[in-house]
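For reference, the chains in residue letters:
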Amino acid sequence: MSKIKVARKSTLIDMTAMSDVTVLLLTFFMLTSTFVQKEPVQVTTPGSVSEIKIPESNILQILIDPTGKVFLSLDKQPDMIETLTSVGRDLGVDFTSEELQKFKILKTFGVPIKSMKAYLAMSTENQDGVLKDLGIPTDSTDNQFKVWIRNARIANPDLRIAIKADQNTPYKVIKSVMTSLQDLRENRYNLITSLKVESVK
Amino acid sequence: MSEIQTNDTGGGKKKGGSKQKKISVHVDFTPMVDMNMLLITFFMLCTSLSKPQTMEINMPSNDKSVTEEDQNKVKASQAITVVLSGKDSIYYYTGQPNYEDFNSLKPSSYKPDGIRALLLKRNDVAVSKINELKQKKLQLKITQEQFTEEAAKIKNGKNTPVVIIKATDNATYKNLIDALDEMQICNIGKYVIDTISAGDKFLIRNLQTKGELSRNIAK
């Protein structure tokens with residue numbers, strides 16, 4: 001019986017090519033993507049054929065969830081501080097510099113001004129849990145939303161207002177936000193939508 | 001590829017030989033690949049590729065200083081009022097509302113053969129002009145700036161319809177965006193979002209009850 005000799009082959013695979021590919025992919029993702037912003041409520045924007053992209057900076061985003069809670073986000077930290085100080089002044093709440101520093105790093109905010117101090121004192125995890133049940137009051141008797149927008153506009157005159165609302169939000173809520181904006185003479189704003197392809201015929 | 005062949009001349013320590021000793025430096029790239037894969041996964045999960053689209057709208061100012069004379073009245077023959085109501089329903093009437101005839105308010109739909117067909121028909125002059133312009137742009141006869149300028153001129157030209165969008169409280173935000181979208185698709189330059197009046201609500205109820213309300217009033 002002759003023995004079958006199995007030739008010993010090295011199982012070493014050259015990973016260089018693989019590494020090249022992954023680096024390429026990584027570069028692609030790093031260059032093309034933008035970070036997802038943490039938002040307190042999940043919002044599905046309606047689709048539209050509009051192809052205008054949202055500008056990069058100076059955005060004041062108004063986030064409206066299906067139940068009508070309103071949240072705001074500003075993209076520049078100096079504006080955040082200035083806005084909170086002036087809103088606090090208008091509504092009679094003083095904030096310490098420590099609280100301002102804490103407020104500065106928030107991605108989205110939307111707390112009635114009375115509970116703002118308590119909110120800022122919380123830890124980040126607790127803040128996330130509580131935020132989705134709060135929201136800025138927009139009713140006509142206590143329209144803090146207007147105060148926020150007005151002061152944000154003073155803090156940064158180049159601000160562009162963008163409304164991001166869930167597609168199932170009742171028009172009633174949108175209307176109250178839009179009338180508040182109209183009262184402040186903010187007549188130009190953007191509505192954030194997602195892309196939908198549709199042809200004329 | 002990852003091997004580097006070093007030609008070691010053997011120095012002087014060994015036998016003073018002329019034999020060249022080959023040392024192959026093999027670099028294992030597997031950990032590198034592992035790390036890259038991890039990074040890619042991170043980027044895929046934590047970032048979004050598409051930037052959100054936006055729709056720019058100009059709302060009319062409700063400034064009280066604008067007098068009645070300054071406001072331009074819409075010609076009744078050019079006006080189309082679109083009423084958005086709950087449960088994705090959409091109605092429209094042209095010109096002045098007729099409160100006596102419940103059929104003056106017509107139901108429509110968000111489908112291509114609904115409100116869009118109507119608006120395209122009403123706006124056919126502008127639509128065909130815009131299409132011509134688009135052709136020209138595709139053939140690179142005009143630049144993007146010229147295109148936007150011309151398109152704006154056509155959209156705001158004479159005899160183009162004016163659309164008034166009114167939404168009831170139980171319409172959704174999606175309905176509003178869909179309606180605004182139709183304006184984009186149908187190349188309508190003049191449209192406005194207005195608050196719904198009691199008269200419009202009456203029209204809807206009148207249509208739903210097949211003219212019962214107007215008959216009651218007539219009695």
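What you see is a predicted model; the values in this text were computed from it and never measured. (Residues numbered from 1 in each chain as written. Chains lettered and ligands numbered in written order. Predicted model: local features only at pLDDT ≥ 70, side-chain atom pairs only at ≥ 80, totals over all residues.)

Caption draft 1: Broad picture of the overall build of chain A. Scanning chain A from N- to C-terminus turns up seven helices and seven strands. Ordering the α and β elements of chain A from the N terminus gives α-β-β-β-β-β-α-α-α-α-α-β-α-β. Its C-alpha atoms give chain A a radius of gyration of 25 Å, clearly above 17 Å, the size a compact globule of 201 residues would have. Expressed along its principal axes, the backbone C-alpha trace of chain A runs to roughly 100 × 55 × 30 Å. Counting all 201 residues of chain A, 30% fall into the buried class. The contacts in chain A between residues at least 6 apart in sequence include a share of 73% that link residues at least 24 apart. (Helix = DSSP H or I, 4+ residues; strand = E, 2+ residues; numbered from the N terminus. Rg over C-alpha atoms; globule rule 2.2 N^0.38 Å. Buried ≥ 20, exposed ≤ 12 C-beta atoms within 10 Å, placed from the backbone. Contact = placed C-beta atoms within 7 Å.)

Caption draft 2: Expanded view of the sheet that holds strand S7 (residues 106–108) of chain B. Residue and element names in this part refer to chain B. Strands sit in the order S7-S6-S5-S8-S9 across an open sheet of five strands; the sheet is mixed. The open sheet is flanked by S7 and strand S9 (190–195), the only strands paired with a single partner. The average undirected angle you get between the axes of adjacent strands in this sheet is 30 degrees. Strand direction decides the pairing type here: strand S8 (residues 162–167) and S9, joined by six bridges, are parallel. Bridge pairing in S9 places Lys 166 opposite Asp 194. (Pairing = 2+ DSSP bridges. Axes fitted to C-alpha atoms, helices over the stretch in contact; angles between N-to-C directions.)

Caption draft 3: Structural detail: helix H2 (residues 112–122) of chain B. Residue and element names in this part refer to chain B. Among all positions of H2, only Ile 115, Arg 116, Leu 119 and Leu 120 are buried. Each buried residue of H2 sits inside an arc of 130 degrees when the element is viewed along its axis, so together they form one side. Opposite the packed face of H2, turned more than 90 degrees from it, sit the exposed residues Asp 113 and Lys 121. The inward-facing, buried residues of H2 abut strand S5 (79–85), strand S6 (89–94), S7, helix H3 (124–138) and helix H5 (173–185). (Arc of directions from axis to C-beta.)

Caption draft 4: Looking closely at the environment of Gln167(A). Along the chain, the position of Gln167(A) falls in the loop between strand S6 (160–165) and helix H7 (171–183). A tally of 19 C-beta atoms within 10 Å means that Gln167(A) is categorised as partly exposed. For Gln167(A) and Thr96(A), which are 71 residues apart along the polypeptide, the C-alpha to C-alpha distance reads 39 Å. Among residues more than four places away in sequence, those in contact with Gln167(A) are Thr44(A), Thr45(A), Pro46(A), Thr172(B), Tyr173(B) and Lys174(B).

Caption draft 5: Up close: the nonpolar core. In terms of nonpolar packing, the biggest core is built from 69 residues, with Ile64(A), Ile163(A), Ile174(A), Val177(A), Val82(B), Leu84(B) and Leu176(B) touching the most fellow members. Apart from residues lying up to four places away in sequence, Ile163(A) is in contact with Ile62(A), Ile64(A), Val177(A), Tyr189(A), Leu191(A) and Ile192(A). (Core = buried A, V, L, I, M, F, W, Y, C linked by C-beta atoms within 7 Å.)

Caption draft 6: Representation of the environment of Ile149(A) in the model. Within the secondary structure, Ile149(A) sits in helix H6 (residues 144–155). Residue classification places Ile149(A) among the buried positions, given that 25 C-beta atoms sit within 10 Å.

Caption draft 7: The packing of helix H2 (residues 77–91) of chain A against helix H3 (residues 97–104) of chain A, seen in detail. Residues and elements named next belong to chain A. Interaxial distance between H2 and H3 falls to 9 Å at its minimum, and their mutual angle equals 130 degrees. Compared by their axis directions, H2 and H3 come out oblique. H2 and H3 meet at a crossing whose hand is right-handed. Along its contact with H2, which presents Gln 77, Met 80, Ile 81, Leu 84 and Thr 85, the element H3 presents Leu 100, Phe 103 and Lys 104. Split by residue class, the contact of H2 with H3 holds five nonpolar, two polar and one charged. (Parallel < 35°, antiparallel > 145°, perpendicular 65-115°, else oblique. Left-handed = near helix turned anticlockwise from the far one by under 90°. Nonpolar A, V, L, I, M, F, W, Y, C, P; charged D, E, K, R; others polar.)

Caption draft 8: Layout of the pairing of S5(B). All names here are of chain B. Of all the seven residues making up S5, six are buried; the element is thus mostly covered by neighbouring parts of the structure. Across six bridges, S5 lies against S8 in parallel orientation. Bridge assignment links Val 83 to a residue of S8, and that residue is Lys 166. In terms of strand pairing, S5 meets S6 through six bridges, oriented antiparallel. Opposite Leu 84, over in S6, you have Ile 90 as the bridge partner.

These figures capture arrangement, not role.
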